[in-house]
Amino acid sequence: MLVYKSNQKRRLKSSVNWTACIPLAAIIGVFWVYAATAQTPAPTPEPLTPDKVQENVAALKVGLDTIWVVIASFLVFFMNAGFALVESGFCRRKNAVNILTKNLIVFAIATIAYWAIGFGFMYGDSGGNTFIGLKGFFLSGADNSPATLDAYKGDFPGLSWTGVPLEAKFLFQLVFAGTAATIVSGAVAERIKFVSFLIFSFLLVGISYSITGHWIWGGGWLSKVGFFDFAGSTVVHSAGGWAALIGAAILGARHGRYGEDGKNRAIPGHSMSLATLGCLILWLGWFGFNPGSTMAADGRLISHIALTTNMGASAGGIAATIVAWFYLGKPDLSMIVNGILAGLVSVTASCAWITLPSSIIIGAIGGIIVVFAVGFFDSLKIDDPVGATSVHLVCGIWGTLAVGLFAVGQTADIGGGYILQAGAGPKAGLFFGGGFDQVVAQLIGIASVGGFTVAFSFIAWYVISLITGGIRVEPEEEFKGLDISEHGMEAYSGFSKESE
Amino acid sequence: MLVYKSNQKRRLKSSVNWTACIPLAAIIGVFWVYAATAQTPAPTPEPLTPDKVQENVAALKVGLDTIWVVIASFLVFFMNAGFALVESGFCRRKNAVNILTKNLIVFAIATIAYWAIGFGFMYGDSGGNTFIGLKGFFLSGADNSPATLDAYKGDFPGLSWTGVPLEAKFLFQLVFAGTAATIVSGAVAERIKFVSFLIFSFLLVGISYSITGHWIWGGGWLSKVGFFDFAGSTVVHSAGGWAALIGAAILGARHGRYGEDGKNRAIPGHSMSLATLGCLILWLGWFGFNPGSTMAADGRLISHIALTTNMGASAGGIAATIVAWFYLGKPDLSMIVNGILAGLVSVTASCAWITLPSSIIIGAIGGIIVVFAVGFFDSLKIDDPVGATSVHLVCGIWGTLAVGLFAVGQTADIGGGYILQAGAGPKAGLFFGGGFDQVVAQLIGIASVGGFTVAFSFIAWYVISLITGGIRVEPEEEFKGLDISEHGMEAYSGFSKESE
Amino acid sequence: MLVYKSNQKRRLKSSVNWTACIPLAAIIGVFWVYAATAQTPAPTPEPLTPDKVQENVAALKVGLDTIWVVIASFLVFFMNAGFALVESGFCRRKNAVNILTKNLIVFAIATIAYWAIGFGFMYGDSGGNTFIGLKGFFLSGADNSPATLDAYKGDFPGLSWTGVPLEAKFLFQLVFAGTAATIVSGAVAERIKFVSFLIFSFLLVGISYSITGHWIWGGGWLSKVGFFDFAGSTVVHSAGGWAALIGAAILGARHGRYGEDGKNRAIPGHSMSLATLGCLILWLGWFGFNPGSTMAADGRLISHIALTTNMGASAGGIAATIVAWFYLGKPDLSMIVNGILAGLVSVTASCAWITLPSSIIIGAIGGIIVVFAVGFFDSLKIDDPVGATSVHLVCGIWGTLAVGLFAVGQTADIGGGYILQAGAGPKAGLFFGGGFDQVVAQLIGIASVGGFTVAFSFIAWYVISLITGGIRVEPEEEFKGLDISEHGMEAYSGFSKESE
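Residues numbered from 1 in each chain as written. Chains lettered and ligands numbered in written order. Predicted model: local features only at pLDDT ≥ 70, side-chain atom pairs only at ≥ 80, totals over all residues. Heavy atoms only, no water.

An unreviewed UniProt entry lists chain A under the name Ammonium transporter, with Phormidium tenue FACHB-1050 as the source organism.

So, about the side chain of His214 of chain A. Residue and element names in this part refer to chain A. Position of His214 relative to the elements: it lies in helix H7 (residues 194–217). Since its relative accessible area comes to 2%, His214 is described here as buried. With sequence-adjacent residues up to four places away left out, His214 is seen in contact with Phe121, Met122, Tyr123, Gly124, Ser126, Thr130, Phe131, Ile132, Gly133, Gly219 and Gly220. (Helix = DSSP H or I, 4+ residues; strand = E, 2+ residues; numbered from the N terminus. Buried < 20%, exposed > 50% of the residue type's maximum accessible area, 1.4 Å probe, protein only. Contact = heavy atoms within 4.5 Å.)

The interface is formed by 82 residues belonging to chain B together with 93 residues belonging to chain A. Buried area between chain B and chain A, summed over both chains or domains, comes out near 7,600 Å², and the portion from carbon and sulfur atoms is 76%. At the junction of chain B and chain A, the tally comes to zero salt bridges. Secondary structure elements with two or more residues in the side of chain B that touches chain A: helix H1 (7–16), helix H2 (23–30), helix H3 (50–90), helix H4 (96–123), helix H6 (166–187), helix H7 (194–217), helix H10 (272–289) and helix H17 (482–487) of chain B. Counting residues per element, the side of chain B that touches chain A draws most heavily on H3 of chain B, at 18 residues. The residue inventory of the side of chain B that touches chain A, partitioned by class, reads 57 nonpolar, 19 polar and six charged. (Buried area = accessible area lost by both parts, 1.4 Å probe. Salt bridge = Lys/Arg side-chain N within 4 Å of Asp/Glu carboxyl O. Nonpolar A, V, L, I, M, F, W, Y, C, P; charged D, E, K, R; others polar.)

Quick look at the interface of chain C and chain B now. A common way to report how large an interface is uses the accessible area buried once the components associate. Each partner contributes to the interface: chain C provides 82 residues, whereas chain B provides 93 residues. Both sides of the chain C and chain B interface together cover about 7,600 Å² of buried area, and 76% of this is carbon and sulfur. The tally of links between chain C and chain B comes to zero salt bridges. Scanning the region where chain C abuts chain B turns up 11 residue pairs in polar contact (both at pLDDT 80 or more). Mapped by element, the contributors of at least two residues to the side of chain C that touches chain B are helix H1 (7–16), helix H2 (23–30), helix H3 (50–90), helix H4 (96–123), helix H6 (166–187), helix H7 (194–216), helix H10 (272–289) and helix H17 (482–487) of chain C. Counting residues per element, the side of chain C that touches chain B draws most heavily on H3 of chain C, which supplies 18 residues. Taken together, the residues of the side of chain C that touches chain B break down into 57 nonpolar, 19 polar and six charged. (Polar contact = N/O pair within 3.5 Å; in protein donor to acceptor, adjacent residues only side chain to side chain.)

We now examine unusual backbone geometry. Despite not being glycine, Phe138 of chain B shows a phi value in the positive range, around 55°. By the secondary structure assignment, Phe138 of chain B is in the loop between H4 and helix H5 (146–151). Looking at Phe138 of chain B, the relative accessible area reads 45%, which means it is partly exposed. Despite not being glycine, Glu190 of chain C shows a phi value in the positive range, around 75°. Inspection of the secondary structure puts Glu190 of chain C in the loop between H6 and H7. Judged by relative accessible area, Glu190 of chain C falls into the buried class, the value being 0%.

Superposition of the two copies of the chain requires a rotation about an axis together with a shift along that axis. The two copies are related by a screw operation: chain C maps onto chain B through 120° of rotation and 0.0 Å of translation along the axis, at an RMSD of 0.0 Å. What we have between these two chains is a three-fold relation. When the interface residues of chain C are mapped onto chain B, a mere 16% of them again fall at the interface, so the copies present different faces. (Least-squares fit on C-alpha atoms with pLDDT ≥ 70 in both.)

Right, let's get into H10 of chain B. Helix length check: H10 of chain B, at 18 residues, gives a terminal C-alpha distance of 25 Å against a target of 26 Å (1.5 Å per residue), a fit within 8%. Taken across its 18 residues, H10 of chain B has 18 buried, putting it largely inside the fold. (Expected span 1.5 Å × (residues − 1).)

Quick look at the packing of aromatic side chains now. Following the criterion strictly, the structure yields 96 aromatic pairs over all chains and no others. On the basis of an interplanar angle of 15° and a centroid distance of 6.4 Å, the ring pair of Phe452 of chain B and Phe456 of chain B is categorised as stacked. Of this pair, Phe452 of chain B and Phe456 of chain B both sit in helix H15 (residues 437–468), separated by four residues, roughly a single helical turn. As far as burial versus exposure is concerned, Phe452 of chain B and Phe456 of chain B are alike and both buried. Pairing Phe77 of chain C with Phe107 of chain C gives two aromatic rings, centres 5.3 Å apart and planes at 70°, and the pair type is edge-to-face. With Phe77 of chain C in helix H3 and Phe107 of chain C in helix H4, the pair connects residues that are 30 residues apart, well separated along the chain. Both residues of the pair, Phe77 of chain C and Phe107 of chain C, belong to the buried class. Each member of the aromatic cluster is reached from another via a ring pair, and the members are Tyr492 and Phe495 of chain A, Tyr492 and Phe495 of chain B together with Tyr492 and Phe495 of chain C. (Phe/Tyr/Trp six-rings, centres within 6.5 Å; stacked < 30°, edge-to-face > 60°.)

Now for the relation of the copies chain B and chain A. Placing chain B over chain A gives an RMSD of 0.0 Å and needs a rotation angle of 120°, together with 0.0 Å of translation along the axis. Comparing interface residues between copies, only 16% of those in chain B also lie at the interface in chain A; the contact surfaces differ.

All names here are of chain B. Taking 1.5 Å per residue as the helical rise, helix H9 (residues 233–251) with its 19 residues ought to reach 27 Å, and the 25 Å between its terminal C-alpha atoms agrees with that figure. Taken across its 19 residues, H9 has 19 buried, putting it largely inside the fold. Gly252 lies just past H9 and shows a positive phi near 85°.

The next thing to look at is the packing of helix H11 (residues 299–328) of chain B against helix H13 (residues 356–379) of chain B. Residue and element names in this part refer to chain B. One can describe the packing of H11 onto H13 by two numbers: an axis separation of 6 Å at closest approach and a directional angle of 40°. Handedness of the H11/H13 crossing: right-handed. Listed contacts from H13 to His304, Leu307, Thr308, Met311, Gly312, Ala315, Gly316, Ala319, Ala320, Val323 and Tyr327 of H11 are Leu356, Ser359, Ile360, Gly363, Ala364, Gly367, Ile368, Val371 and Phe372. By residue class, the composition of the contact of H11 with H13 is 13 nonpolar, seven polar and no charged. (Axes fitted to C-alpha atoms, helices over the stretch in contact; angles between N-to-C directions. Left-handed = near helix turned anticlockwise from the far one by under 90°.)

We now examine the packing of H13 of chain B against helix H14 (residues 388–406) of chain B. Residue and element names in this part refer to chain B. Running from N to C, H13 and H14 cross one another at 145°; their axes reach a closest spacing of 9 Å. Relative to H14, H13 is oriented so that their crossing is right-handed. Between H13 and H14, the contacting residues are Ser358, Ile361, Ile362, Ile365, Gly366, Ile369, Val370, Ala373, Val374 and Phe377 on the first element and Thr389, Ser390, Val391, Val394, Cys395, Trp398, Ala402 and Phe406 on the second. Looking at the contact of H13 with H14 residue by residue, the classes come out as 14 nonpolar, four polar and no charged.

Judged by side-chain polarity, Ile322, Trp325, Phe326, Tyr327, Leu328, Ile368 and Phe372 of chain B together with Val195 of chain C come together as a nonpolar surface patch covering roughly 770 Å² of accessible area. Those elements that provide at least two residues to the nonpolar patch are H11 and H13 of chain B. The leading source of residues in the nonpolar patch is H11 of chain B, at five residues. Mapped onto the secondary structure, Leu328 of chain B falls in helix H11. Taking relative accessible area as the criterion, Leu328 of chain B reaches 43% and is therefore assigned partly exposed. (Patch = residues over 30% accessible without salt bridge, like charges linked within 9 Å, V, L, I, M, F, W, Y side chains within 5 Å. Areas by Shrake-Rupley, 256 points an atom, 1.4 Å probe, with all protein chains shown as cover.)

Residues and elements named next belong to chain C. With the rule as written, the count across this model stands at 30 salt bridges over all chains. For Lys52, the salt bridge is made with Glu55, and the minimal N-O distance between the two is 3.6 Å. With Lys52 and Glu55 both in helix H3, this residue pair falls three residues apart, about one helical turn. Judged by its relative accessible area of 34%, Lys52 is partly exposed. One salt bridge connects Arg92 with Glu190, and the closest N-O pair in it is separated by 3.3 Å. Remark: Glu190 occurs in the loop between H6 and H7 and Arg92 occurs in the loop between H3 and H4; sequence separation between them is 98 residues. Pair check on accessibility: Arg92 and Glu190 agree, each one buried.

Below is the structure:
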């Protein structure tokens, strides 16, 4: 207590050093300038014609479409917070700083990677090939490679060219690309080297994600075989999921996860409140992810997609609750979180082309699958601390396939007499009288994106391992926790630790 | 440390099992398909007429209105996160998982309940009665029960039919319905059986909320007696609050809350940071809740409502701070949180029909009331761990009544010379020269919704008690905490516990 | 355990007291009223002319602009949560309630201060002087001081008068004003008296911020000398930063921060997860802060600003990561958080007038500066627990200056052939061929706002010190923590404390 005694007295004294700043205030007077500003005269209005008014209407429509795309981008951006919380909440206290740092910086890296190369690969003019875009790097293609403007309309037949500015579309695509990298973050948590993860994120976003994305949304070959993925069950989620799986498999399990005896020992996460908040933020973000993929303020389509998205999440959450209750004996919160996310991933590919009851079925199946997928990967001793592989890979595949099963077809009623996208979108699915055509197209897409991403990830992790001297931290570092070893700090100062 | 030794070496080896995946990559070539896609020829434009252009303007207006409703819905949806954080933050660590789980799954349940039956009861064609809607279940009524379309315009005279699609309106109404259930969650926290709560939520949203909602917003009898509730002080908050009160009363207090000696012993919550974040999320969500209730992108009305909402919150927070400071001796954070929420609830009914100074008065009174209401319920030994009853029920009633006191009337200036809704809305309130007419109408609404909800809740809790063998967990479970007993997990692994 | 025994039995009994409520339900019948509501006859449509349709287009444009401004306001409002989390996360557990309370109530205080006086000072009719507005207090000026309407168009040449309603503009300006106060909160944390902070916030928002804001955005003298600040690097950030600096300097360092030996001893924050979430919320909020400052739904401009904002944040984060890694030896999470915020502050002034590569450079320099600024203030023994001064003051100055260096000029291509604001905005910057003109104008603004704010803050803190008997808590209170001494509660009940 004694040390405080003079502190109180020094308070005013300490400010004396700063009084020197006061004279600055006097400077103000010196710059007091009265200058008249020129008034722009009001232009004389021309007589209006219907064509002129229609021009204003068109400009307004572009403004409205852009506002929608931009706001949807913000919502998807916010998913970074959701992933950060779910992933750190599901991991241990001693690795919290590491996971948070990864999730914070990964979007910054994705921004640079996607701006410099990814967007060009994904939506740039390919010069006739259907594998990869080759222009528009550094977002430079706007005026000298018209195909950039053209190709990145995306391949949603029936959605007319929206006129949304290039930069708005880039922003929306960027936040999607960022999502792919965050999926990996969870699966490799608690044992990967920080620098190895950063390099992989750059490569995944800049190269692999963008190439397979080109196939589907950039006018590439998969779009030409009739493969459909509205908002990215494959483009984003299963692509990120495959990369996550390979990462988790190469890294090996966390120490102690599968004991000497081979028994599965769950490692509880350090904050269920963070994880739950993260789940709700992701749910919110998905309202940008799916409805935003319309890329235009089409009210009826946006409303329908918002509802199928919400139905998928709800059904996934309820299904996972029930399954966990029966299968694990308790309504396990982490399973419910993953069930909701599973439902969301599952409806992502089909959300614009299915009825509400279908979205409930698709979401519920996703919520059931995810519980068993977690068990399945454990049986393979592939240690995914947050279940990212089960959620994004397995349900991403399921969701992509669901287009082939549940799509109502290009001229059918989507509910209440609406035909949302006349003459556009996938063919009717198997359960809606369309036979196996669309199923086959979907399987082609699932396999090819999977194959490419797996191969790419293998090579990338291997190369990175050479560069960074292995991709896994030392055992002692893992034991101490990555927060101390990688970042030199702890997440929760002032809270005493539970002995492990 | 020894156990780690071979782990490092196994890292690359462990990946060998997965090299089998690589051949998948080869599959890509097989599906390499070059197919030309048909180009849609540009349609020859017809000559434009003013009527044709006006059609485009109208379509654009529907688009804009829908975007607004949808975005407002997202904000209200996010309130689920706010409630989850406020409620769990105000409760004990040992029950955190339970409360988070309730708040996470309750919206999923509300989604199904409101889709299957609630929306039909609330906005469906009633066939002439003014008590309950009878069509539009499973959102099926769009084409065969025109009154669904008609009735759910809501009963805000002066707001013209907006043309917002049915599914957008359903989404907006759904997120409101979900709110009602989350209110109950807080009041019954720390001792209710998980399954009992889930069933009650389903019934509240699907039946009681929707029926009383029909009376007010669905064209039912209360709307015909001149009762007004713009955004739900009664429809949502006091209805949820009555259900919460009955639940808390039936359950009885948490063990130790009112000691053997009858003394009130406060049980501190486990995370003020979660509670504060939750409060700010709720404040944000309210910007969707109140301004979104315009159901149309009416800029002037939306701006005014956003301001009255914000004034109410601010005044409520400041008033509660001051009152708590004088009355409790300290500026108690939990009181400030509840003061802000109280201010928000208080202006919800009247936000579109009052001046800014009125909104400050209404919010401030709400912030004062809530501090004393917390004390009042404690004196009755009704244990509401988070103060939900004080906030939502008491201030919901106050806010509803405030319409009768502060409404400017249908032709009066709302500030700055605006007449926001000429010829529409409630009559002038008592303090604005309108006499007691509107006060009486408001009292009728408060009493009737209260009476119905109380009766319904009693019956519902009783029936649920029979089904689930009582609605309260066993004393040992309560002592251990619901996280372990109901969910088999803890919220904060790695943090050592404070001895109680 | 024994105490529980009768509790279970009393459960149903306890409800008996409440059965008295049931009769209320009977009341419903009494009020059962069937009243026919008058039907409004559909108006006969007039024949449409292009002028009439154009009027509808104009109304729609105002609606769209307003929606954008309102939604941007909501995003900026949410920054309150971001500041609350970053600041409390970076401080100690024992002061968490205090910081949260400050950040929660400060926006309520800002609301009242800015409504009552600030907005009038900032945007009210000045009657010819260029120093301060003198009408429009209590938002009353809408009809009797037309200049209120006129002046607060802001001074963004090239942005035509948008027609957004007064109340929407007030809302947007209010959330900005609130930000300035929260900046101070962080720098003075862990030792300021709660009441002293509240009074200072009121004065800062109501008077100082609004006066200097008038100079720049309210049509005052700085706008006439050609000073430009698009979204507030100076108006908001450096103004708040100067006030923060003076507060921190006058208060003196926290006990133990600079030991007896004068050595710098870092005091770790209590929750990196809160701080990280806060950073992501602030990043999200900045998408309202910068793009919203268009005050109109100009899609192309908004998209560009959203991108420059995001580039600045990303570059700042990456630069701070690298610098911290080399300079401090580890990728320090708190430095990354501050690097991102530094990048955001740095591009705020120029975001509408620079190319994407420039935004990367500006943000990266911000991220570098902030690391060294933190060290610099430590060397001066000015203790800023969260680095607010480094982020908001230093980078606010840098960002303001950057306009003079990187602005493309009024007729130049901003990327991809766009001229975003033909004939408007700042002159070309030094690096874009414009010479020193704009640099000089920016320096005038930086110095004059700095000088005024420093002088004002000195006086304000001094007067407050007289009123509240010093502005710093007693040493024992600081030692115990402000949560107990100022609020009588702790933030984390149930978590045992780490011995210090």
